[in-house]
Amino acid sequence: MAGADGGHLLARGGAGVSPRPRVLVTGASGNVGAPLVEHLLKGGAQVRVASRGEGARVPEGATAVRFDFEDPSTHAPALEGVEKVFLLRPPALSDVKRHLLPVVRAVKEAGVRHVVFLSLLGVEKNQAVPHAKVERFILEAGVPHTFLRPSFFMQNLSTTHRDDIREHGELFMPVGSGKTGFIDTRDIAAVGARTLLEDGHEGKAYDLTGAEALSYAEVARLFTEVLGRPIRYNEPGALRFAARWYRRDVPLAYIAVMTGIYTVCRLGLAGTVTRDTETLLGRAPISMRQFIQDHKACWM
Ligand SMILES: NC(=O)c1ccc[n+]([C@@H]2O[C@H](COP(=O)([O-])OP(=O)(O)OC[C@H]3O[C@@H](n4cnc5c(N)ncnc54)[C@H](OP(=O)(O)O)[C@@H]3O)[C@@H](O)[C@H]2O)c1
C-alpha cells in the first residue's frame, strides 16, 4: 500500500465520513461500477450515474446523467455540483489523451474534491499502459485522488471467457502454469466506496488483489468441484489462442491486447498478492471458490 507519490500508507486513523457526498460514477453499468453504485447508495451518497444511453438501468435512489467520454459537450454538465468522481477508462478507449484527458480537465474545472481512478496493478512499473498516462494526467491536473490498482478480475471468467467454460467445458488461455492473484470486482467496488465515502484516502494508491495466486489448472479444478462437471484447463499457445478469437470476429487489436496480457501471466508476472484489500475491507477478499459459487448459473 503506497502513497500515489510513492510514500507508504501509514494508517487510516482519523478518516471521517463525509455526509452524503454527491458522487458521479463513470462505467456505472460495468463489472466494478454496478456494485460500486450499490455500496455508495447504501453508504448514503447521492449517486449520479454517468450513462451514454437513454435506456440505461438506473438503480433506485440514484439519478442518471448523460455522459460520453467521446463527446466533450457532455462532460461539464455531468460534473456540475459533483464533489467526488469514480473514473474508469472504458476498455475500448485506448487513445487516453483524446478521451480521458478532457475529462480530467473538466473534473479539475468543476472543482471536484476527490477523484478515485480505476487503474491497474503494476502500473507504476509500466508507463506504456493507458492507465499510467491517466494517472499522470490526474497528478498533473493536481486533483486530489486515489488510485485503485487491481489485479486480474475474476469476472473475466463470467464475461469474456464464459462461453468457453459453458459450451466447451474448458479454460482456454495461453498462460502455461503461471499464477494469477485474481480479485473479485465486488471487492474493488467495496474498496472504491470506502475511499469515496471516507476522508483520508487522498494521495494513496492501493494494490488490490485476492488472498491467493492460482494457476489456471487450479481454477479449472475449482470449477469442476463447484459446477459438478468436468472443466479442464486447455493450455493453448499464444497463436492457437489468437486464432480462436480471430475466428470469432474479434478485432485484431483486442486479440493482441489479450494475448499480451496472458503472456505477462505466463511469465509469472501476475502472481502478486497484497494485503491491501483485506486491510481496507477488514475481512478476507472473496475467494475464487465463492466467486464461482455466486455466479454458477452463468456457466450452466
Ligand atoms: N479485466 C481485468 O482483469 C482488469 C484488471 C485491472 C484493471 N482493469 C481495468 O478496468 C477497467 C474496466 O472496468 P470494468 O470491467 O468495470 O468495465 P466494463 O464492465 O468493461 O464496463 C465499461 C463501462 O464503461 C462504459 N463506457 C464504455 N464506453 C463509454 C463511453 N464512450 N462513454 C461513457 N461510458 C462508456 C460502459 O457503459 P455502457 O453501459 O454505456 O456500455 C460500461 O459501464 C478498464 O480500464 C480495465 O483496463 C481490468
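These numbers come from a predicted model, not from an experiment. (Residues numbered from 1 in each chain as written. Predicted model: local features only at pLDDT ≥ 70, side-chain atom pairs only at ≥ 80, totals over all residues. Heavy atoms only, no water.)

Take the site of the ligand next. The ligand sits among 24 residues. The nearest are S29, N31, R52, R89 and H131. Here a nitrogen atom of the ligand and a side-chain polar atom of D68 are 2.9 Å apart. Separating an oxygen atom of the ligand from a side-chain N or O atom of N156 is a distance of 2.9 Å. Considering the ligand on its own, with 940 Å² of exposed area, one finds that the protein chains cover 79% of that surface. (Near = heavy atom within 4 Å. Polar contact = N/O pair within 3.5 Å; in protein donor to acceptor, adjacent residues only side chain to side chain. Areas by Shrake-Rupley, 256 points an atom, 1.4 Å probe, with all protein chains shown as cover.)

So, about the nonpolar core. Counting 32 residues, the largest nonpolar core has L157, L171, Y216, F223, M288 and I292 as its most contacted members. Broken down by element, the residue count for this core peaks at seven residues, all from helix α8 (residues 216–227). Excluding residues within four positions of it along the chain, L171 makes contact with L157, I165, Y216, V219, A220, F223, I231, R232, Y233 and N234. Counting 30 residues, the second-largest nonpolar core is a separate cluster that includes L36, V49, V116 and L148. (Core = buried A, V, L, I, M, F, W, Y, C linked by side-chain atoms within 4.5 Å. Buried < 20%, exposed > 50% of the residue type's maximum accessible area, 1.4 Å probe, protein only. Helix = DSSP H or I, 4+ residues; strand = E, 2+ residues; numbered from the N terminus. Contact = heavy atoms within 4.5 Å.)

Here we come to the side chain of S119. Within the element layout of this structure, S119 appears in the loop between β6 (114–118) and α5 (130–141). Separated by 2.7 Å, the side chains of S119 and E135 make a polar contact. With sequence-adjacent residues up to four places away left out, S119 is seen in contact with H131, E135, L148, R149 and P150.

This part takes up the packing of aromatic side chains. Taken as a whole and assessed by the stated rule, the structure comprises eleven aromatic pairs. Measuring from centroid to centroid gives 6.3 Å for F241 and W245, while their planes differ by 55°, and the two rings are tilted. With F241 and W245 both in helix α9 (residues 238–247) and four residues apart, the pair spans about one turn of that helix. Of the two residues examined, F241 and W245, each falls in the buried class. Three or more aromatic residues link up through ring pairs in this structure, and these residues are F152, F172, F182, Y216, Y233, F241, W245 and Y262. Note that R244 overlies the ring of F172, its terminal NZ or CZ placed 3.6 Å from the centroid. A cation sits over an aromatic face here: R248 above W245, 4.7 Å from the ring centre. (Phe/Tyr/Trp six-rings, centres within 6.5 Å; stacked < 30°, edge-to-face > 60°. Lys NZ or Arg CZ within 6 Å of the ring centre and 35° of its normal.)

A turn of α-helix holds 3.6 residues, and therefore any two residues three or four places apart point the same way. Looking at α9, one finds that the buried residues are F241, A242, R244 and W245. Angular distribution of buried residues about the axis of α9 spans 160°; they occupy a single face of the element. Of the residues in α9, the exposed ones pointing more than 90 degrees away from the buried face are L239, Y246 and R247. Its buried side turned inward, α9 meets α6 (162–168), β8 (170–172) and α10 (252–266). Just downstream of α9, D249 is the residue with a positive phi angle, here 65°. (Arc of directions from axis to C-beta.)

A common way to report how large an interface is uses the accessible area buried once the components associate. By the assigned domains, the chain splits into domain 1 (2–153 + 184–208) and domain 2 (154–180 + 211–272 + 280–299). Inter-centroid distance (C-alpha atoms) of domain 1 to domain 2 is 26 Å. Opposite the 15 residues of domain 1 that make contact, domain 2 presents 18 residues. With both chains or domains summed, domain 1 and domain 2 bury close to 1,500 Å², and 60% of this area falls on carbon and sulfur atoms. Taken together, the links from domain 1 to domain 2 amount to two salt bridges. (Domains from an automatic or database assignment. Buried area = accessible area lost by both parts, 1.4 Å probe. Salt bridge = Lys/Arg side-chain N within 4 Å of Asp/Glu carboxyl O.)

Another point: the packing of helix α4 (residues 101–109) against α5. One way to put it is that α4 packs onto α5 with a least axis distance of 10 Å and a crossing angle of 25°. On the basis of their axis angle, the class for α4 and α5 is roughly parallel. Note that α4 runs across α5; the crossing there is right-handed. Judged by residue contacts, L101, V104 and K108 of α4 engage F137, I138 and A141 from α5. Here the residues of the contact of α4 with α5 sort into five nonpolar, no polar and one charged. (Axes fitted to C-alpha atoms, helices over the stretch in contact; angles between N-to-C directions. Parallel < 35°, antiparallel > 145°, perpendicular 65-115°, else oblique. Left-handed = near helix turned anticlockwise from the far one by under 90°. Nonpolar A, V, L, I, M, F, W, Y, C, P; charged D, E, K, R; others polar.)

With that settled, the discussion passes to the pattern of salt bridges. Applying the stated rule across the entire model yields 20 salt bridges. D294 is paired through a salt bridge with R186; the nearest N and O atoms lie 3.0 Å apart. A residue pair is termed long-range when its members are at least 10 positions apart, and D294 in helix α12 (residues 288–294) and R186 in helix α7 (residues 185–197) qualify at 108 residues. The residue D187 makes a salt bridge to R283 at a minimum N-O spacing of 2.8 Å. Taken as a pair, D187 in helix α7 and R283 in the loop between α11 (276–281) and α12 lie far apart in primary sequence, 96 residues in all. What makes D187 buried here is its relative accessible area of 0%. One connected set of salt bridges, linked through shared partners, spans D164, E170, R232, R244 and R248.

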